[in-house]
Amino acid sequence: MIQIQNVHKSFGNIQALKGISLEIAEGELFGFIGPDGAGKTTLFRVLVSLLVPDEGKATVMDLDVVNDYKKLRTQLGYMPGRFSLYQDLTVEENLNFFAGIFKTTLKENYELIKPIYQQIEPFKKRRAGALSGGMKQKLALSCALIHKPKVLFLDEPTTGVDAVSRKEFWEMLQSLKKQGITIVVSTPYMEEAALCDRIALIQKGELLDIDKPQNIINRYSHFLYGIKAERMYDLVKILRENTHCNSAYLFGEYVHFSSNTELDMDKLKAELISTGMENVEVISLQANIEDSFMDLMAKTNNQA
Amino acid sequence: MTNNQTNTKAVVVKDLVKKFGDFVANDHLSFAVDKGEIFGFLGANGAGKTTAIKILCGLSHPTSGDVKIAGYDIYKQRDLIKKNIGYMSQKFSLYDDLSIAENIRFYGGIYGLSRKKIKEKTEEYIEKLGLQAYTKSMVKELPLGFKQKLAFSVAIVHDPPIVFLDEPTGGVDPITRRQFWELIYKEAANGKTIFVTTHYMDEAEYCDRVSIMVDGRIEALDEPKKLKETYGAQSMEEVFIQLARG
């Protein structure tokens, strides 16, 4: 469905993409996971034909993003990271506008967008600018789908959106996937990676890894422990001094402490108590995507 | 509010109501934040968080209710409040086309710091945040993570007892996000009160106490551990989803 070969893109001295290559299969829900500045948006703009790569080649549905851009644009759906609908048009006017551009009508494609559009239909006379964040997002997705695209590019659709709306949004994506639409999505939220069929971890214009989320997690090579105590900030500092420490990161309720060797948890606990820590708890953990990402990041940073 | 309470509390809010026309954005909020506490102020988009924060920072008037920030009254002592708080928004408030030192000098100047003090702060921040390589650069050339740490430092350049952070960690990589929280912990350990909003539910766990707003009201307020017990949830994310979905 999508083929990317050695794509480079620079802006002045900044190398936004440093030779990205990968393939995305038809019907896949594929995620680019990485922080701001990783190159996600640049890559998306190349794939939807809004930016010409400096080097390399990309095709979407066998259409070249540079040479066949006119045909390509009629067949893909794109939801940019910034809300780009007309704020002073109503919900309905925005939809009709996008339908008109693609020479279709809201009525013709109502079935496809129905599950999403229904949730905002009661507000169809409201101006887009006056919608809440979650509703704007649903309208933008409806507009991106209005011409029944075979592939959908969603650039950080859930950034700045609360946890409930994020969950609902991913449920919508799962149902679109069932209808056979290929979905390419980017996100800075690591936990959303688990919801994709395959993911690419991207950082500083380079791919750290590409695989099914579980396979990436399985490659995590350290022993990982969750540790908590009364004073978490002091705990992190003490753990970093530990001779077995590979990394120690705050991680919600626990500190995630990784080591290259298997540790005696009772002994570790006793050591922490002897430094004055209170209510110490040590558990053994399985890594998650965020652990893997930070590990890969730290490794590449050390090489640089 | 007794004097006793204002001595140990950084923020005291009692029956705060804010209406826009018929719409009730803040519906009788009452809560207090202890000095030195890290207080998480959570809620879905549109729940009324930003409205409340603007009032607490003295940028907007409540429709009714009492608010005291650092012991100062929100109606009568807004200027004193502004001197005693720091504020960092998700958009930051650094000037992109000024250098690091110029940004610090600008904010230091606004808060009336002496030249000597501004020089000290500039050296301290460059050293502490590891910005040595960027002293000649304009702020727009800084990687996002550095910008964020600098925005935080600038927000507390006048050493306020309370700092408000509105989604400070959006978009940064997971390592930088954690480094930012370590900065927060450090300031809290020095006695600063931290009032923070976030959409990352793991960050709710870093707070001493968390409030969750739904439709203009505070639906829950407690330590993360107790909230999880109360709602029979494994994580703060579950607590949040239960409450916000209603």
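Residues numbered from 1 in each chain as written. Chains lettered and ligands numbered in written order. Predicted model: local features only at pLDDT ≥ 70, side-chain atom pairs only at ≥ 80, totals over all residues. Heavy atoms only, no water.

1. Structural notes on the overall build of chain A
Part 1: What chain A contains, in helices and strands, is 10 helices and 14 strands.
Part 2: Its C-alpha atoms give chain A principal-axis dimensions of about 70 × 45 × 35 Å.
Part 3: Charge-centre separation for chain A: the mean point of 35 positive side chains lies 8 Å from the mean point of 39 negative side chains. (Helix = DSSP H or I, 4+ residues; strand = E, 2+ residues; numbered from the N terminus. Lys, Arg positive; Asp, Glu negative; His and termini not counted. Charge placed at Lys NZ, Arg CZ, Asp CG, Glu CD.)

2. A look at the packing of helix α6 (residues 144-155) of chain B against helix α7 (residues 174-189) of chain B
Residue and element names in this part refer to chain B.
Part 1: At a closest axis distance of 10 Å, the pairing of α6 and α7 adopts a crossing angle of 15°. If you check the angle between α6 and α7, you find them roughly parallel. Classified by chirality, the crossing of α7 by α6 is right-handed. Of the residues in α7, those touching α6 at Gly145, Gln148, Lys149 and Phe152 are Thr176, Gln179, Phe180, Leu183, Ile184 and Glu187.
Part 2: Grouping the constituent residues of the contact of α6 with α7 by class yields four nonpolar, four polar and two charged. (Axes fitted to C-alpha atoms, helices over the stretch in contact; angles between N-to-C directions. Parallel < 35°, antiparallel > 145°, perpendicular 65-115°, else oblique. Left-handed = near helix turned anticlockwise from the far one by under 90°. Contact = heavy atoms within 4.5 Å. Nonpolar A, V, L, I, M, F, W, Y, C, P; charged D, E, K, R; others polar.)

3. Quick look at the pattern of salt bridges
Two side chains of opposite charge can pair, provided their charged atoms sit close to one another.
Residue and element names in this part refer to chain A.
Part 1: Applying the stated criterion to the full structure yields 35 salt bridges over all chains.
Part 2: Between Asp197 and Lys177 there is a salt bridge, with the nearest N and O atoms lying 2.9 Å from each other. Of the two residues, Asp197 is situated in the loop between β8 (182-187) and β9 (198-203) and Lys177 in helix α6 (residues 163-178); the sequence distance between them amounts to 20 residues.
Part 3: Taking the relative accessible area as the measure of exposure, Asp197 reaches 28% and is therefore partly exposed. (Salt bridge = Lys/Arg side-chain N within 4 Å of Asp/Glu carboxyl O. Buried < 20%, exposed > 50% of the residue type's maximum accessible area, 1.4 Å probe, protein only.)

4. Remarks on the sheet that holds strand β7 (residues 162-166) of chain B
Residues and elements named next belong to chain B.
Part 1: Strand order in the open sheet made by the six strands is β6-β7-β8-β3-β9-β10, with mixed pairing throughout. What marks the edges here is a single partner per strand, and that holds for β6 (85-88) and β10 (217-222). The average angle at which neighbouring strand axes cross in this sheet is 15°, direction not considered.
Part 2: Along the sheet, helix α10 (residues 236-245) makes contact with β3 (38-43), β9 (209-214) and β10, crossing β9 at roughly 25°. (Pairing = 2+ DSSP bridges.)

5. Notes on the sheet that holds strand β1 (residues 2-11) of chain A
Residues and elements named next belong to chain A.
Part 1: A sheet is described by the order of its strands in space; here four strands give the open sequence β2-β1-β4-β5, paired in antiparallel fashion. The open sheet has two edge strands, β2 (14-24) and β5 (63-64), and neither has a second partner.
Part 2: In this structure, strand β4 (residues 55-60) lies alongside β5, joined through two bridges in antiparallel fashion. Considered in β5, the bridge of Thr59 is made with Asp64.
Part 3: In the packing of helix α1 (residues 40-47) onto the sheet, contacts are made with β1, β2 and β4, and the angle to β1 comes to roughly 120°.

6. Examining the environment of Tyr69 of chain A
Residue and element names in this part refer to chain A.
Part 1: The residue Tyr69 is located in helix α2 (residues 69-75) in this model.
Part 2: Between the C-alpha atom of Tyr69 and that of Arg219, which follows or precedes it by 150 residues, the distance is 38 Å.
Part 3: Here Tyr69 is in contact with Ser49 and Asp64, once residues within four sequence places are set aside.

7. Comments concerning the domain arrangement of chain A
Part 1: As far as domains go, chain A holds domain 1 (2-212) and domain 2 (221-286).
Part 2: On a C-alpha basis, the centres of domain 1 of chain A and domain 2 of chain A stand 40 Å from each other. (Domains from an automatic or database assignment.)

8. What to know about the state of the cysteines
Residue and element names in this part refer to chain B.
Part 1: Applying the stated rule across the entire model yields zero disulfides over all chains.
Part 2: Left without a disulfide partner, Cys207 is nearest to the cysteine sulfur of Cys57, which lies 16 Å away.
Part 3: Overall, the relative accessible area of 6% leaves Cys207 in the buried class. (Disulfide = S-S within 2.5 Å.)

9. A closer look at the packing of aromatic side chains
Part 1: Per the stated rule, a full pass over the model turns up 21 aromatic pairs over all chains.
Part 2: What links up through ring pairs into an aromatic cluster is the set Phe31, Phe39, Phe41, Phe164 and Phe195 of chain B.
Part 3: For Lys136 of chain A, the ring lying beneath its charged end belongs to Phe83 of chain A, and the centroid distance is 5.3 Å.
Part 4: Just above the ring of Tyr200 of chain B sits the side chain of Arg177 of chain B; from NZ or CZ to the centre is 3.9 Å. (Phe/Tyr/Trp six-rings, centres within 6.5 Å; stacked < 30°, edge-to-face > 60°. Lys NZ or Arg CZ within 6 Å of the ring centre and 35° of its normal.)

10. Regarding helix α2 (residues 49-56) of chain B
Part 1: Where burial is concerned, most of α2 of chain B is hidden: six out of the eight residues are buried.
Part 2: At the exit of α2 of chain B stands Gly58 of chain B, carrying a positive phi of roughly 80°.

11. Some points on the environment of Asn6 of chain A
Residue and element names in this part refer to chain A.
Part 1: Examined against the element boundaries, Asn6 turns out to sit in strand β1.
Part 2: By relative accessible area, which is 35% here, Asn6 ends up partly exposed.
Part 3: A sequence separation of 11 residues divides Asn6 from Leu17, and the C-alpha atoms of the two residues are 9.2 Å apart.
Part 4: Those residues in contact with Asn6 that lie beyond four places of it in its chain are Gly19, Ile20, Ser21, Glu55 and Gly56.

12. Topic: the nonpolar core
Part 1: In terms of nonpolar packing, the biggest core is built from 69 residues, with Ile227 and Leu235 of chain A together with Ile38, Leu150, Phe152 and Ile212 of chain B touching the most fellow members.
Part 2: When residues in this core are grouped by element, the largest group, six residues, is from α7 of chain B.
Part 3: Counting residues in each nonpolar core, the second largest holds 52 residues, with Ile181, Met190, Leu224 and Phe251 of chain A among its members. (Core = buried A, V, L, I, M, F, W, Y, C linked by side-chain atoms within 4.5 Å.)

13. Comments concerning a nonpolar patch on the surface
All names here are of chain B.
Part 1: A cluster of nonpolar side chains, namely Tyr95, Phe106, Ile110 and Tyr111, defines an oily patch on the protein surface of about 370 Å² accessible area.
Part 2: Its place among the elements puts Phe106 in helix α4 (residues 100-110).
Part 3: Residue classification places Phe106 among the partly exposed residues on the basis of a relative accessible area of 34%. (Patch = residues over 30% accessible without salt bridge, like charges linked within 9 Å, V, L, I, M, F, W, Y side chains within 5 Å. Areas by Shrake-Rupley, 256 points an atom, 1.4 Å probe, with all protein chains shown as cover.)

14. Here's the deal with unusual backbone geometry
All names here are of chain B.
Part 1: You will see that Asp159, though not glycine, has its phi angle at about 55°, which is positive.
Part 2: With respect to the secondary-structure elements, Asp159 resides in the loop between α6 and β7.
Part 3: A positive phi angle, close to 45°, is found at Glu167, a residue other than glycine.
Part 4: Relative to the elements of secondary structure, Glu167 occurs in the loop between β7 and α7.

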